[in-house]
Amino acid sequence: PPRGTGRAMLSLRLRLPNGPSTVQVGEDATFAALRAAIAAVAASPAEALTLSSGFPPAPLVLNDSDPIRGTLRNMDTVVVAVGASSGQAVAPAGKAKPKPKSAKKAAAASSGAAAVRTLSDIDSPAPPSAGKRRAPPASSGRGGGGGGKKRAAAALQLSSEDGIGSSLLDAVSGRGGDDPAAAFLKAASQSALAHHVAEVTATERYHAALGGHFEIEVLESRRLDGEPTEAVATYKVGRKTKREPFGLLALPELRGVVLAVLEQLQTDQSSASVELLKPFKMAHVSPRVFWNMVHHHGGDVAAGRGGGRPGAGGPPPAA
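I will try to describe carefully the structure that is included in this document.

About the criteria used
Residues numbered from 1 in each chain as written. Predicted model: local features only at pLDDT ≥ 70, side-chain atom pairs only at ≥ 80, totals over all residues. Heavy atoms only, no water. Helix = DSSP H or I, 4+ residues; strand = E, 2+ residues; numbered from the N terminus. Contact = heavy atoms within 4.5 Å. Polar contact = N/O pair within 3.5 Å; in protein donor to acceptor, adjacent residues only side chain to side chain. Pairing = 2+ DSSP bridges. Axes fitted to C-alpha atoms, helices over the stretch in contact; angles between N-to-C directions. Expected span 1.5 Å × (residues − 1). Buried < 20%, exposed > 50% of the residue type's maximum accessible area, 1.4 Å probe, protein only. Core = buried A, V, L, I, M, F, W, Y, C linked by side-chain atoms within 4.5 Å. Salt bridge = Lys/Arg side-chain N within 4 Å of Asp/Glu carboxyl O.

## Some details on the environment of Glu244
And then number 1: By the element assignment, Glu244 lies in strand S8 (residues 240–247).
And then number 2: Between the C-alpha atoms of Glu244 and Arg288, which are 44 residues apart in sequence, the distance is 9.4 Å.
And then number 3: Filtering out sequence-adjacent residues up to four positions away, Glu244 remains in contact with Thr201, Arg205, Ala231, Val232, Ala233, Tyr235 and Trp291.
And then number 4: A polar contact is formed between the side chain of Glu244 and the side chain of Arg205, at a distance of 2.7 Å.

## Examining the sheet that holds strand S7 (residues 230–237)
And then number 1: Spatially, S6-S7-S8 is the arrangement adopted by the three strands of the open sheet, whose pairing is antiparallel. Two strands bound the open sheet, and with one partner strand each, they are strand S6 (214–218) and S8. Within the sheet, the average angular offset between the axes of one strand and its neighbour, ignoring direction, is 20 degrees.
And then number 2: Here S6 pairs with S7 via five bridges, running antiparallel. Bridge assignment links Phe214 to a residue of S7, and that residue is Tyr235.

## Brief notes about helix H1 (residues 31–42)
And then number 1: Between its first and last C-alpha, H1 extends 16 Å over 12 residues, near the 16 Å set by a 1.5 Å rise per residue.
And then number 2: Among all positions in H1, only Phe31, Leu34, Arg35, Ala37, Ile38, Ala39 and Ala42 are buried.
And then number 3: On its buried face, H1 sits against strand S1 (9–16), strand S2 (19–26), strand S3 (49–53) and strand S5 (77–82).
And then number 4: Following H1 by one or two positions, Ala43 has its phi on the positive side, about 55 degrees.

## What about the nonpolar core?
And then number 1: If you look at the biggest cluster of nonpolar residues, it comprises 21 residues, and the most contacted ones within it are Val25, Leu34, Ile38, Leu51, Val78 and Val80.
And then number 2: Of all elements in the fold, only S1, S2, H1, S3 and S5 reach the threshold of two or more residues within this core.
And then number 3: No other element matches the six residues that H1 contributes to this core.

## With respect to the pairing of S2
And then number 1: Of the strand pairs in this sheet, S1 and S2 are connected by eight bridges, and their pairing is antiparallel. If you follow Leu12 over to S2, its bridge partner there is Val23.
And then number 2: The turn linking S1 back onto S2 is made up of two residues.

## Points about the pattern of salt bridges
And then number 1: A complete count under the given rule lists six salt bridges for this structure.
And then number 2: The salt bridge involving Arg73 is made with Asp76; its shortest N-O contact spans 3.9 Å.
And then number 3: Since its relative accessible area comes to 23%, Arg73 is described here as partly exposed.
And then number 4: Its salt-bridge partner being Glu253, residue Arg223 comes within 3.1 Å of it at the nearest N-O pair. Of this pair, Arg223 sits in the loop between S6 and S7 while Glu253 sits in helix H5 (residues 251–268); the two residues are 30 residues apart in sequence, bridging distant segments of the chain.

## Points about unusual backbone geometry
And then number 1: With an omega of -5 degrees, the peptide bond between Phe55 and Pro56 qualifies as cis.
And then number 2: Position of Pro56 relative to the elements: it lies in the loop between S3 and strand S4 (58–59).
And then number 3: At Ala43, a position not held by glycine, the phi torsion is positive, near 55 degrees.
And then number 4: Within the fold, Ala43 resides in the loop between H1 and S3.
And then number 5: By relative accessible area, which is 70% here, Ala43 ends up exposed.
And then number 6: One non-glycine residue, Met75, lies in the positive phi region at around 70 degrees.

What follows is the structure, given as structure tokens:
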């Protein structure tokens, strides 16, 4: 609920004749209040609106005084049709809703080739004819046991700041369900968090190498030419010690990596490639190359990557 109100709100997507929009109403709002709120967004009289929901969309059959809770839930889509006379099947106040036809009457009504269905048949659909299957209606309740029926996948709609804010709140609080907008924002926030963690770790590597607060242990594994293949970098971050294993590169191999980046720089004529040779960027993009630079040049990463770059002090040392 919005701060300071203490009242739960529902955000509903609207499919209007002139484009998508959103509306917010109280969770305990009546059908009449919902029609009035949508009429304000559509700039049309409430009596001229026909509201439908579900899949396939079916007109909402409610009294003006009936609450919408249980019929609509947060981030549902409401299809709005505007006409001179809406024809919305709204039961008069104080009278009971029309009862759905029995299965036998519904079967008899649909038996003829020119059978006509009325609005009262929507709640109790006729059995499907041979060779045809109807799509199961979407469950509109908030609860889980809908008999195994699944809601149809909705389109991704981020048409307003309110809609984006509501979807983001649902995503981070775990209430998004199968809403595609909430799933998209959840994935985006997780990706942004992972990128931030990687940048923080790269900063810790860089500061450890710059200050000489690291140790590199070469392991016993060897290649056929006798060169070691594995090592472990150990450095401290505050009171915590971090260990990062990495594959060792011989000095000629390391030189080849630097020259490959510089050749790419000459090909695309941009500064994107040379950015990767900056010590901090290297610690972020390729920890293996970074720790090999530290290993071969005693922590002076700039000396190792300076070779081959104009004005950087000559080529890397040869093996």
